[in-house]
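What follows is each chain in one-letter form.
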Amino acid sequence: MRRQWTTTAGIVITALLTLFLLVPVLLSVYAGLTVNYARGISAGFTLDWVKQVWALYSDTVWRSLVVALMTLALTLLIGVPGAYALVRRGGRFARAVEEIVTLPVAVPGLALALAMILTYGGAGSFRQSTLFVVVGHVLFTLPFMMRSVIAVLDTIDWRTLDEGAASLGSPAWRRFLDVILPNVRPGIVAGSLTVLTLSIGEFNLTWMMHTPMTKTLPVGLADAYASMRLEIASAYTLVFLVMVIPLLIGVQLVAGLTEKRTAS
Amino acid sequence: MDSRRFDLLLILPLAIFTLAFLVLPLARLTLEAGSGPQGIAGFFVIVTEARFRNSLIVTLILSIITTVATLAVATVAAQTLANRRFFGRGLLLSMLTFPLAFPGVVVGFLIILFGGRLGLVGSVTKSLTGTNVVFAYSLFGLFLGYLYFSVPRVLLTILAAAEKLDPSLVEAARSLGASPLAIQRDVVLPALFPAMYTGGALCFATAMGAFGTAFTLATTVDVIPMLIYTEFTLATNASMAAAISIALGFITWAALAIARSRAMRDVSGA
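Reading the values: the criteria
Residues numbered from 1 in each chain as written. Chains lettered and ligands numbered in written order. Predicted model: local features only at pLDDT ≥ 70, side-chain atom pairs only at ≥ 80, totals over all residues. UniProt positions renumbered as here; feature names shortened; annotations may be inferred. Contact = placed C-beta atoms within 7 Å. Helix = DSSP H or I, 4+ residues; strand = E, 2+ residues; numbered from the N terminus. Nonpolar A, V, L, I, M, F, W, Y, C, P; charged D, E, K, R; others polar. Domains from an automatic or database assignment. pLDDT = per-residue confidence, 0-100. Core = buried A, V, L, I, M, F, W, Y, C linked by C-beta atoms within 7 Å. Buried ≥ 20, exposed ≤ 12 C-beta atoms within 10 Å, placed from the backbone.

By the naming in an unreviewed UniProt entry, chain B goes by Putative spermidine/putrescine transport system permease protein and is assigned to Enterovirga rhinocerotis. Listed in UniProt under the heading Subcellular location (unreviewed entry), the comment for chain B reads: "Cell membrane". On record in UniProt, under Sequence similarities (unreviewed entry), the comment for chain B is "Belongs to the binding-protein-dependent transport system permease family. CysTW subfamily."

If you look chain A up in an unreviewed UniProt entry, it shows as Putative spermidine/putrescine transport system permease protein from Enterovirga rhinocerotis. Per UniProt, the comment on chain A under Sequence similarities (unreviewed entry) is "Belongs to the binding-protein-dependent transport system permease family."

**Q** Describe the interface of chain B and chain A, with residues and values.
**A** With 66 residues of chain B in contact, the opposing surface of chain A contributes 63 residues. By residue number, the principal contributor to the side of chain B that touches chain A is helix H1 (residues 2-34) of chain B, which donates 18 residues. Here the residues of the side of chain B that touches chain A sort into 48 nonpolar, 13 polar and five charged.

**Q** I'd love a proper account of the UniProt feature "domain: ABC transmembrane type-1" (unreviewed entry) in chain A, names of residues and values included.
**A** Cross-referencing UniProt, the feature "domain: ABC transmembrane type-1" (unreviewed entry) maps to residues 61-249 of chain A in the present numbering. Structurally, residues 61-249 of chain A is divided into 87% helix and 0% strand, and its ends, taken at the C-alpha atoms, are 20 Å apart.

**Q** Summarise the UniProt feature "domain: ABC transmembrane type-1" (unreviewed entry) in chain B; cite the residues concerned and give the values.
**A** Here, the residues flagged by UniProt with the feature "domain: ABC transmembrane type-1" (unreviewed entry) are residues 56-259 of chain B. A helix fraction of 78% and a strand fraction of 0% characterise residues 56-259 of chain B, whose end C-alpha atoms lie 21 Å from each other.

**Q** Could you give me a rundown of the domain arrangement of chain B, with the residues and numbers involved?
**A** Residues and elements named next belong to chain B. Each assigned domain of chain B is listed with its residue range as follows: domain 1 (1-34) and domain 2 (40-269). Averaged C-alpha coordinates put domain 1 and domain 2 at centres separated by 32 Å. Counting from both sides, the interface comprises five residues of domain 1 and, opposite them, nine residues of domain 2. The residue makeup of the side of domain 1 that touches domain 2, split by class, is two nonpolar, two polar and one charged.

**Q** Hey, could you go over the UniProt feature "transmembrane region" (unreviewed entry) in chain A for me, with residue numbers and the actual values?
**A** Residues and elements named next belong to chain A. With numbering aligned to this structure, UniProt lists the feature "transmembrane region" (unreviewed entry) at residues 64-87, 99-123, 129-153 and 235-255. Helix makes up 100% of residues 64-87 and strand 0%, and the two end C-alpha atoms of the span are 32 Å apart. Counted over residues 129-153, helix gives 96% and strand 0%. Its end C-alpha atoms are 36 Å apart.

**Q** Tell me about the confidence of the model for chain A, and name the residues and values.
**A** Summing up the model confidence of chain A, the mean pLDDT is 89 and the portion of residues at 70 or higher is 96%. The weakest mean pLDDT in chain A belongs to helix H12 (residues 230-263) of chain A at 83; the strongest belongs to helix H6 (residues 130-155) of chain A at 94.

**Q** Break down the nonpolar core for me, citing the residues and quoting the values.
**A** Ranked by internal contacts, the top residues of the largest apolar core, which has 157 residues, are Leu114 and Tyr236 of chain A together with Ile158 and Ile244 of chain B. For this core, the element with the most residues is helix H2 (residues 48-89) of chain A, which contributes 15 residues. Apart from the residues within four sequence positions on either side, Ile244 of chain B is in contact with Ile46, Phe52, Ile224, Leu227, Ile228 and Glu231 of chain B.

And the structure:
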């Protein structure tokens, strides 16, 4: 049967692809826990490398968490009201603003970082602070938060909700806080998880924008890859995976829930 | 009017942030690019100077090959996974999409574990034939790294389209005696085209701007983002780095804009 060879080929290619994506990650986990990677399994397993990574780089782990949370707070404060304003306004102006705000997705991080350094490189204390890195992360993650909120706003009848509340005499800011926000919660949750994940993994912008005092986890990883032995580099990668995989599972759970809700 | 003022208040944080940290810096970048020794001609240095032009060509070819390979693999995998229910499907999909969150540096390191000096492929070939095959630091290694971070995002886009494809169309074509390749050409691929444009453009733009993977692999070939980095930090030539950044940003933005308008036209035409 001719049908079968295409199906079989498809399954084989998908299986090879899965191996290609998965095996290096497993190798990295294994290398981070093995006593000596070159000698193989016979050398046994240890947590010493992870401990060494913690001693050397725990500051980057904490800083990445702080940066991610500050980035999230700012994207919520800027992005959620901004998304609602654009949907309310509509038309050509809103599209133009959205296009500009989405630029950091299209323009490589290196170019944005360069632009930021050229503009604010002279502003000493701002340039030296963690806030500088946070601003870079907000630039890059804001479009994802806004898109996520706009997508939900497009599926609900926000105008009727808003006008209904208005006819009952509720002022504009209360309608936004008490009526609109609870209704876009799925978009905010999905956007938040995406922002956290992207911020923790961001390298291109951060590598240019960081100072020795504001190293994040991926910057530390690049440092370890260049100068540390394979086991330490792997153990450090393992720490990164432990931080980021729960967030990814969260993203998928939320996506699954909203899919079910819209389907029913 | 109350609601007018409230609308203004809603958009104010976004407006301030975007003006201060996006519009102003990009304007500053443009000024910097035009303020080099060549003046306005500095904008075109990426095509006029041989070293930069070669780098641009290598980066373009690498990105195009990555895009074509990614689209091919992702289209096959998406069709295999769409509308097929089996045990562990959710887990498999999760594993296929996890690399989305890996920074470029991590992907580079994974390629080193795969094809580096102590890599998996090397140790297998060493025990079989006696030679340690090392490819991580070559252009091929770079390509594998790009493929690694491209496939998950393109796969997600095409999978969403493939699940919307009506299986009865394929069934009808098959019962009318169409060969598998004819079904692909006439039924499946036309339906997937909008997703393939969007996914392909995203893949191309990401590959053009990718920095971390090339940085970790420290390949001898200089892709454009590496060039920007070395030009700015080692040669401290800010105007040159700015000019190349703008050219690169324009290429990636244009690729995405073209694909988006194309995909929209296909959807409205269907």
